[in-house]
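Next come the chains, spelled out residue by residue.
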Amino acid sequence: MRILLVEDDPDLSRQLKGALADAGYAVDHAPDGEEAQFLGETEPYDAVVLDLGLPKVDGVSVLERWRRNEVGTPVLILTARGAWSEKVAGFDAGADDYLTKPFHTEELLARLRALLRRSAGHAAPNLTCGGLRLDPRAARASVNGEPLRLTSLEYRLLHYLMMHQGRVISRTELVEHLYDQDFDRDSNTIEVFVGRLSKKIGSDRIETVRGLGYRLTCPADEAEGASAS
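Everything numeric here is computed off the predicted structure, so don't read it as measured data.

**Q** How would you explain the sheet that holds strand β5 (residues 97-101) if you had to name every residue and give the values?
**A** A sheet is described by the order of its strands in space; here 5 strands give the open sequence β2-β1-β3-β4-β5, paired in parallel fashion. Among the strands making up the open sheet, the edge pair consists of β2 (26-30) and β5. Ignoring which end each strand starts from, the neighbouring axes of this sheet average 20° apart. Bridge count for strand β1 (residues 2-6) against β2 is 5 bridges, and the pairing is parallel. Bridged to Leu5 within β2 is His29. Strands β1 and β2 of the sheet are contacted by helix α2 (residues 33-42), whose axis makes an angle of about 140° with β2. Packing against the sheet, helix α5 (residues 105-120) makes contact with β1, β3 (47-51), β4 (75-80) and β5, and its axis sits at approximately 170° to β5.

Written out as structure tokens, the structure reads:
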């Protein structure tokens, strides 16, 4: 999952970018509202963490412009303690959730996970597909109770496929959501990662749809077992 972090404080930005990367996200950073507005309108993010007190263009104005331009990316806003008017303005501008500074990084990660679940139509905290299970809180996955040893990119790939299971996802979409802005992107490498991931989770789980992309499916016997239980 790819996140845009909009924060002008250098120390907090480094801390949050590191925490988000450790949690399995690809992260782009914008230090001011002008760059944030441009990135939000030109790059396909899964969610945005947006500070409201920004140089050049304030966060509320950035959010209002995104929504006017039909950018529907879920947004978690960061506000100063006690600034209730900022929270109201943020929600009225189109925010989906808020967090008051100072905050614990764990709470930000939890709110972000909930935001991503809601936007993808998932209610439960863990993602499942038959015997395949992914726990975003611990950044771990397993098949039939056996832990999977995944690289960070394999984990991101599995996370994205499970968030959108049953839907055909193109290689271009995967590239846009798995890598941050600075990564040397090459859609051909997706084939390699899909092949490696398939070997680890079972070759019958990821379907290659010729000319279109990939689809994560639940094997029929596992789907029946899950519904029976």
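**Q** Give a description of helix α1 (residues 10-22) that names residues and reports values.
**A** With 13 residues, α1 extends 18 Å between its outermost C-alpha atoms, agreeing within 8% with the 18 Å of an ideal straight helix rising 1.5 Å per residue. Those residues of α1 not exposed but buried are Leu12, Ser13, Leu16, Ala19 and Leu20. For α1, the angular spread of buried residues about the axis comes to 140°, placing them on one side. In α1, those exposed residues whose orientation departs by more than 90 degrees from the buried face are Pro10, Asp11, Arg14 and Asp22.

**Q** Help me get a handle on the pattern of salt bridges, residues and values and all.
**A** Between side chains of opposite charge, a pair can form when the charged atoms approach closely. Counted under the stated rule, the structure contains 14 salt bridges. One salt bridge connects Asp51 with Lys101, and the closest N-O pair in it is separated by 3.2 Å. Here Asp51 is found in strand β3, whereas its partner Lys101 is found in strand β5, with 50 residues between them in sequence. Note on Lys101: relative accessible area 22%, which makes it partly exposed. The residue Lys200 makes a salt bridge to Glu154 at a minimum N-O spacing of 2.7 Å. Here Lys200, found in helix α8 (residues 187-201), pairs with Glu154, found in helix α6 (residues 152-163); they are 46 residues apart in sequence, far enough to count as distant. Residue Lys200 is classed as partly exposed on the basis of its relative accessible area of 34%. Accessibility expressed as a relative area gives 2% for Glu154, which makes it buried. In the salt-bridge network here, residues are joined through shared partners; they are Arg2, Asp28 and Glu43.

Rules used in this analysis
- Residues numbered from 1 in each chain as written.
- Predicted model: local features only at pLDDT ≥ 70, side-chain atom pairs only at ≥ 80, totals over all residues.
- Heavy atoms only, no water.
- Pairing = 2+ DSSP bridges.
- Helix = DSSP H or I, 4+ residues; strand = E, 2+ residues; numbered from the N terminus.
- Axes fitted to C-alpha atoms, helices over the stretch in contact; angles between N-to-C directions.
- Contact = heavy atoms within 4.5 Å.
- Expected span 1.5 Å × (residues − 1).
- Buried < 20%, exposed > 50% of the residue type's maximum accessible area, 1.4 Å probe, protein only.
- Arc of directions from axis to C-beta.
- Salt bridge = Lys/Arg side-chain N within 4 Å of Asp/Glu carboxyl O.

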